[in-house]
Protein chains: 2
Amino acid sequence: MYARRMVKLTKQIDDSVLVTPGAKSNLRKRATNADDIFDDREAAEEATKENAKAIDALQDALWAERKRALLVILQGIDTSGKDGTVRAVFNRCGPLGVQVTPFGKPSDEELAHDFLWRIHMATPKKGVIGVFNRSQYEDVLVVKVRNLAPAAVVEQRYEQINAFEAHLNDTGTTVLKFMLNISRDEQRERLQARLDDAEKNWKFNAADLEDRKLWDDYQKAYEVALDRCSTAHAPWRVVPADRKWQRNAIIAATVRKALEDLAPQYPKPDWKPGDFKIE
Amino acid sequence: MYARRMVKLTKQIDDSVLVTPGAKSNLRKRATNADDIFDDREAAEEATKENAKAIDALQDALWAERKRALLVILQGIDTSGKDGTVRAVFNRCGPLGVQVTPFGKPSDEELAHDFLWRIHMATPKKGVIGVFNRSQYEDVLVVKVRNLAPAAVVEQRYEQINAFEAHLNDTGTTVLKFMLNISRDEQRERLQARLDDAEKNWKFNAADLEDRKLWDDYQKAYEVALDRCSTAHAPWRVVPADRKWQRNAIIAATVRKALEDLAPQYPKPDWKPGDFKIE
């Protein structure tokens, strides 16, 4: 019963959020809320908790098996809720099996290497769930919008990213990519809250306002990345993220489904309990 | 009221578990349960949850402040409960602010460097809580017991570790060291459970039985490490760990107290909300 409900829901989610490989993402036409899928907030929050619990159990088997890894990439404009997603989906799992890597402005050392160097170093080892807060896509987003590299160099990166993700996929790492899609109005409210709410003041960064002025440029850059890097081996999902509880419900269900598809197995012992006597 | 109760409890815990710098640890005489401190399991578990919640809030401030770090070192013989401690104390905090590093057998690359190289690389950056599952102490424990390095080299390491930890402390990282102390009988039961309980089979490692045969040698090696490396800047705590709920309660209370002593502060904004208008 539960299984059938889940299959139906994850299909409904994917029909709505998946960027079909080869097709246009049509980012500008995509909804920033998922009211068509979720109308009951309480039920959605309950489902997220249930899925977080299942993710924890599946991660335990993933670790015991130690043959595959999962990489969850979270991209989105400032205030889109990347940190909040980590808390809602992965706190149940805890820091033992989940490793979060935030990618900020690259260091001199990182810039002295190719753009995928720091990314590759942070990929999860077998048995682990890695979460990227921002990722290799910054190199075709902020870098493109702010002209931090020649256009011809950026242009090559889409295929380089696709090749890199294909390599990860071929060598045992499943890649899930989520773009947290909020509206311009929702971002205004969230930035305003950082100004008005003393407890959120520390999160406010005046530079975010500069990025906000480039909203349309960022949306265009996202659209190109979604169009060109939603592949069969690592498709993009555009997650309506104006309502946090919908965002969490979508991502938790998708991560759970991906782990269930991997179906990690506890290794079978090659011994019998009677083989050992503990002194 | 709560504060007074906590102060009393953490003092009682420290009186019982702290290895006074300069004094003998008397490991063999230390209890492996804390029945003298905790008699009510339910209350202790409730306190652990409350402390885990407080640790989460304090970590948020630590991250916002981004000036100091906390390093929690968990040492203990096989089955002593290092992973379980991480779950009980740090899952509430989640993978966003806590970074767990397990130290196993060193790689060729790691062995090609001095023994503190891989340790230093894994220390938490400012704002983060780092948890070491095993640590630099393996180089004076397993290495000593199994003669993996000349005795004279091991002999130098105690002071090298003290100097390293003093450096961490001086440069903004508070170091908390916990030795999870279980009895030989309790280890037998936990190993046996890994043989008998199908869900725990994957955790069983025949090599652990070899280490168990060296129980006394390990206890002696631990005792020397505790005697020589419990310093004012990074004292050891020997945690009675036969009962998981007592172990968790002791460590959660101690970590919380350490963070409260750090008293991380949210940075004060150097602007007023009216300075900005969000378009």
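Our subject is the structure that appears above.
Residues numbered from 1 in each chain as written. Chains lettered and ligands numbered in written order. Predicted model: local features only at pLDDT ≥ 70, side-chain atom pairs only at ≥ 80, totals over all residues. Heavy atoms only, no water.

Visitor: Which residues make up the overall build of chain A, and what values do they have?
Guide: When you go through chain A residue by residue, the secondary structure sums to eleven helices and five strands. For a compact globule of 279 residues, the expected C-alpha radius of gyration is about 19 Å, and chain A comes in at 20 Å, within 12% of that figure. Along the longest, intermediate and shortest principal axes, the C-alpha atoms of chain A span 70 × 50 × 40 Å. Expressed as a percentage of the 279 residues in chain A, the buried residues total 53%. Of the roughly 13,400 Å² that chain A leaves accessible, carbon and sulfur atoms contribute 49%. The averaged location of the 44 negative side-chain charges in chain A is 2 Å from the averaged location of its 45 positive side-chain charges. (Helix = DSSP H or I, 4+ residues; strand = E, 2+ residues; numbered from the N terminus. Rg over C-alpha atoms; globule rule 2.2 N^0.38 Å. Buried < 20%, exposed > 50% of the residue type's maximum accessible area, 1.4 Å probe, protein only. Areas by Shrake-Rupley, 256 points an atom, 1.4 Å probe, with all protein chains shown as cover. Lys, Arg positive; Asp, Glu negative; His and termini not counted. Charge placed at Lys NZ, Arg CZ, Asp CG, Glu CD.)

Visitor: Explain the sheet that holds strand β1 (residues 69-76) of chain A to me, and be specific about the residues and the numbers.
Guide: Within a sheet, neighbouring strands are paired by backbone hydrogen bonds and run either parallel or antiparallel to one another. Residue and element names in this part refer to chain A. Across the sheet, which stays open at both edges, the five strands sit in the order β2-β3-β1-β4-β5 with parallel pairing between neighbours. Both outer strands of the open sheet, β2 (98-102) and β5 (236-240), are each paired with one neighbouring strand and no more. In this sheet, neighbouring strand axes are inclined to one another by 20° on average, regardless of whether the strands run parallel or antiparallel. Relative to strand β3 (residues 129-133), β1 is paired through five bridges, and the arrangement is parallel. Following the sheet pairing, Leu70 is matched in β3 by Ile129. (Pairing = 2+ DSSP bridges. Axes fitted to C-alpha atoms, helices over the stretch in contact; angles between N-to-C directions.)

Visitor: I'd love a proper account of helix α10 (residues 215-229) of chain B, names of residues and values included.
Guide: Between its terminal C-alpha atoms α10 of chain B stretches 21 Å, which fits the 21 Å expected from 15 residues at 1.5 Å a residue. Inspection of α10 of chain B places Trp215, Tyr218, Gln219, Ala221, Tyr222, Glu223, Ala225, Leu226 and Cys229 of chain B among the buried residues, and these make up the whole buried set. (Expected span 1.5 Å × (residues − 1).)

Visitor: Lay out the environment of Val89 of chain A with the relevant residues and their values.
Guide: All names here are of chain A. Within the fold, Val89 resides in helix α3 (residues 82-90). For Val89, a relative accessible area of 0% puts it in the buried group. For the pair Val89 and Arg243, spaced 154 residues apart in sequence, the C-alpha separation works out to 15 Å. When neighbours within four sequence positions are excluded, Val89 is seen to be in contact with Ala52, Ile55, Asn248, Ile251 and Ala252. (Contact = heavy atoms within 4.5 Å.)

Visitor: An account of helix α7 (residues 151-170) of chain A is needed here, citing residue identities and associated values.
Guide: All names here are of chain A. Between its first and last C-alpha atoms α7 spans 30 Å; for 20 residues at 1.5 Å apiece the expected length is 28 Å, and the two agree. Tyr158 marks where α7 bends most, by close to 30°. Of all the positions in α7, only Val154, Arg157, Tyr158, Ile161, Asn162, Phe164, Glu165 and Leu168 are classed as buried. Gly172 sits one or two positions beyond α7 and adopts a positive phi of about 105°. (Bend = angle between axes of the 7 residues up to and from the residue.)

Visitor: Before we move on, could you go through a negative patch on the surface and cite the residues and values that matter?
Guide: Together, Asp39, Asp40, Glu42, Glu46 and Glu50 of chain A line one region of the surface with negative charge. With respect to the helices and strands, the residue Glu42 of chain A is situated in helix α2 (residues 41-65). (Patch = residues over 30% accessible without salt bridge, like charges linked within 9 Å, V, L, I, M, F, W, Y side chains within 5 Å. Salt bridge = Lys/Arg side-chain N within 4 Å of Asp/Glu carboxyl O.)

Visitor: Lay out the packing of helix α8 (residues 184-196) of chain B against helix α9 (residues 206-213) of chain B with the relevant residues and their values.
Guide: Residues and elements named next belong to chain B. Where α8 contacts α9, the two axes come as close as 12 Å, and the packing angle between them is 165°. Classified by the angle their axes make, α8 and α9 are roughly antiparallel. In terms of crossing hand, the pair formed by α8 and α9 is left-handed. Here Arg184, Gln187, Arg188, Leu191 and Arg194 of α8 come into contact with α9, specifically with Asp208, Leu209 and Arg212. Split by residue class, the contact of α8 with α9 holds two nonpolar, one polar and five charged. (Parallel < 35°, antiparallel > 145°, perpendicular 65-115°, else oblique. Left-handed = near helix turned anticlockwise from the far one by under 90°. Nonpolar A, V, L, I, M, F, W, Y, C, P; charged D, E, K, R; others polar.)

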